[in-house]
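Observations on the three-dimensional arrangement
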Amino acid sequence: MRHSQSPTQKATRQHTKQHNARLVLKTIYTAGDVSRADVARMTGLTRATVSNIVAGLLDKGLVAESGYGPSLGGKPPILLNMAEDARQLVCLDLGNEHFNGALVNLRGHFGEQVNLPVNGRTAAEALNLVYELVDQLLANVTAPVLGLALGSPGLIDATAGLVKQSVNLDWHDLPLRQLLQDRYNFPVYIANDSHLAALAEYSYGGDDSRNLVLIKMGQGIGSGIVLNGRIFYGEGFGAGEIGHVSVVENGELCTCGNHGCLETVASVRAMLRQAQAIADENPDSVLAQLRSSGGTVSWANVQQACEQGDATAQEIVTQAGKTLGMAVANLVGILNVNRIVIAGNVTQTGDLFIEAVRTSMTHRVLPKLAAGTAVQYANKEENLVLLGASALILSQGLGVF
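Every residue gets a number counted from 1 within its own chain, in the order that chain's sequence is written. The predicted nature of this model means local features are confined to residues of pLDDT at least 70 and side-chain atom pairs, given and counted, to a pLDDT of 80 or more, with totals for whole chains, interfaces and linings taken over all residues. Working from all heavy atoms in the structure, the side-chain values ignore hydrogens and water.

**Side note on the packing of aromatic side chains**
What counts as a ring pair is set by centres within 6.5 Å for rings of Phe, Tyr and Trp (its six-membered ring), and what kind of pair is set by the plane angle: stacked under 30 degrees, edge-to-face over 60, tilted for all other angles. The tally for this structure, following the rule as stated, stands at 4 aromatic pairs. Seen from their ring centres, Tyr 184 and Phe 186 are 6.1 Å apart, and the 20° between their planes marks the pair as stacked. Each residue's exposure class comes from its accessible area (1.4 Å probe, protein chains only) as a fraction of the maximum for that residue type: buried when under 20%, exposed when over 50%, partly exposed otherwise. For Tyr 184, a relative accessible area of 12% gives the class buried. Ring centres of Tyr 204 and Phe 401 lie 5.5 Å apart, and the angle between their planes is 80°; this geometry places the pair in the edge-to-face category.

Laid out in structure tokens, this is it:
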């Protein structure tokens, strides 16, 4: 007499099948041009199990046979690889003065890109701009959409899909994931933009470390923390909000309402404000001579002044690096993560900025911790948030990261 399985047994069996399928796909994704026999050896699964799973992946178009391997006496083995254009990922970055979007394939290669100026739009108008961005991207899809992921500034509850607070966009408790899923009917993932930048560096940066902190330098300062290969969000989803930690007693009023926040003294915006003040006060300064006819000092002007050896511009950049180094020292002391990555426009200053960060950090932590910590610029500088969005979709949707 045959006994039917209990619901618990069925669920366990289904979970095991899903786990094995993801394991096989991840192995093929990572190894590339690999035989079924090698997949079985790498995963510890039986050849029969691997063959069944591969047959399903071939039917779905996620995996393709890519050629033949060397013969070991019999028939040459058929090699497998990810069919990188079998699906497309809709990736958005809402963290700048423009909303950026891209269609990305399963290997993180970019296809169609769309860039829409925000022009001060907030609240409902900003949400409509997100819809417009997605609509334009979807008009160019050439394969089924695996999912959509976006990075937004602010406090993002990634689990609930909720923008708890985004000051720049005037979003408060916005159910953004649900709104997008209802409109587009495919999986949607949202996260803080700095968190996604860190995930991009971890996933595509070419380093085998399981832990890192990425500090995203721009008009503001944020950071993303990856621990054991996963984004660390924090209890209130605010992990990495170092830009709004006060570092100057009775300092300048910050947009968050506190005084002396790191952003007010070490961000690109803060450096530009200092450079502008110097140019206005001293018409003979290098910064004043380089600025545009409208009298505004740009980041390119600051960079050029530094390259020309202007001590004033170099001091602005160096002092910002020293201040950031204080924050980095705290991260090293608390997390003992041995890889700190810096991304953003400051990378254009070369060694000037990062050496100041390293020196400042080294003087503020235990020497052994300092010696074991690498402070470096990001390996992947362009489109970090969009790349992180693609990694999030691939991780959640296929389990390949």
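**Notes on the pairing of strand E13 (residues 221-227)**
A run of H or I in DSSP becomes a helix once it reaches four residues, and a run of E becomes a strand once it reaches two; helices and strands are each numbered from the N terminus. Among the 7 residues in E13, 6 count as buried, and that is most of the element. Of the pairings in the sheet, the one linking strand E12 (residues 212-217) to E13 comprises 6 bridges and is antiparallel in character. The partner of Met 217 across the bridge, within E13, is Ile 221. Two successive antiparallel strands, E12 and E13, enclose a turn made up of 3 residues. When DSSP finds two or more bridges between two strands, those strands count as paired. The loop that links E13 with its antiparallel partner strand E14 (residues 230-231) comprises 2 residues; one of these, Asn 228, has a positive phi angle of about 50°.

**Description of the pattern of salt bridges**
Think of a salt bridge as a Lys or Arg side-chain nitrogen and an Asp or Glu carboxyl oxygen that are within 4 Å of each other. In this structure the tally under the stated criterion is 9 salt bridges. The shortest N-O distance in the salt bridge between Glu 65 and Arg 36 comes to 3.1 Å. Of this pair, Glu 65 sits in strand E2 (residues 63-68) while Arg 36 is found in helix H2 (residues 36-43), placing the two residues 29 residues apart along the sequence. Look at Arg 36 and you get partly exposed, because its relative accessible area is 22%. Notably, a salt bridge pairs Asp 38 with Arg 41, separated by 3.5 Å at the nearest N-O pair. Of this pair, Asp 38 and Arg 41 both sit in helix H2, 3 residues apart, which is roughly one turn of that helix. Arg 41 sits in the exposed class, given a relative accessible area of 59%.

**Topic: the sheet that holds strand E4 (residues 88-93)**
Reading across from one edge, E6-E5-E4-E7-E11 is the order of the 5 strands in this open sheet, with mixed pairing throughout. Here the strands that pair on one side only, and so sit at the sheet edges, are strand E6 (110-117) and strand E11 (188-192). Pairs of neighbouring strands in the sheet enclose a mean axial angle of 15°, with direction left out of account. Sheet topology note: the E4/strand E7 (residues 145-152) ladder contains 6 bridges and is parallel. Bridge pairing in E7 links Gln 88 to Val 145. It only takes one pair of heavy atoms within 4.5 Å for two residues to be counted as in contact. Under this scheme, a helix contributes an axis fitted over its contacting stretch, all axes are lines through C-alpha atoms, and angles between N-to-C directions fall in the 0 to 180 degree range. With respect to the sheet, helix H14 (residues 384-397) is in contact with E4, strand E5 (98-104), E6, E7 and E11, its orientation differing from that of E4 by roughly 135°.

**Considerations on helix H6 (residues 193-204)**
Expected helix span is given by 1.5 Å per residue-to-residue step, counting one fewer step than there are residues. Between its first and last C-alpha atoms H6 spans 16 Å; for 12 residues at 1.5 Å apiece the expected length is 16 Å, and the two agree. In terms of residue burial, H6 counts as a mostly covered element, since 12 of its 12 residues are buried. Three or more residues of H6 are buried, namely Asp 193, Ser 194, His 195, Leu 196, Ala 197, Ala 198, Leu 199, Ala 200, Glu 201, Tyr 202, Ser 203 and Tyr 204. Distance and chemistry together define a polar contact, namely a pair of N or O atoms within 3.5 Å, with one atom able to donate a hydrogen and the other to accept it when in protein, and with adjacent residues in sequence counting only for side-chain atoms on both sides. Put simply, Asn 192 is the residue that caps the front of H6, since its side-chain oxygen is 2.8 Å from the backbone nitrogen of Ser 194.

**Considering the confidence of the model for the protein**
On average, residues of the protein score 92 in pLDDT, and 97% of them are at 70 or above. Confidence, read as mean pLDDT per element, is least for helix H1 (residues 7-31) in the protein (85) and greatest for E4 (98). Per-residue confidence from the predictor is reported as pLDDT, a score between 0 and 100.

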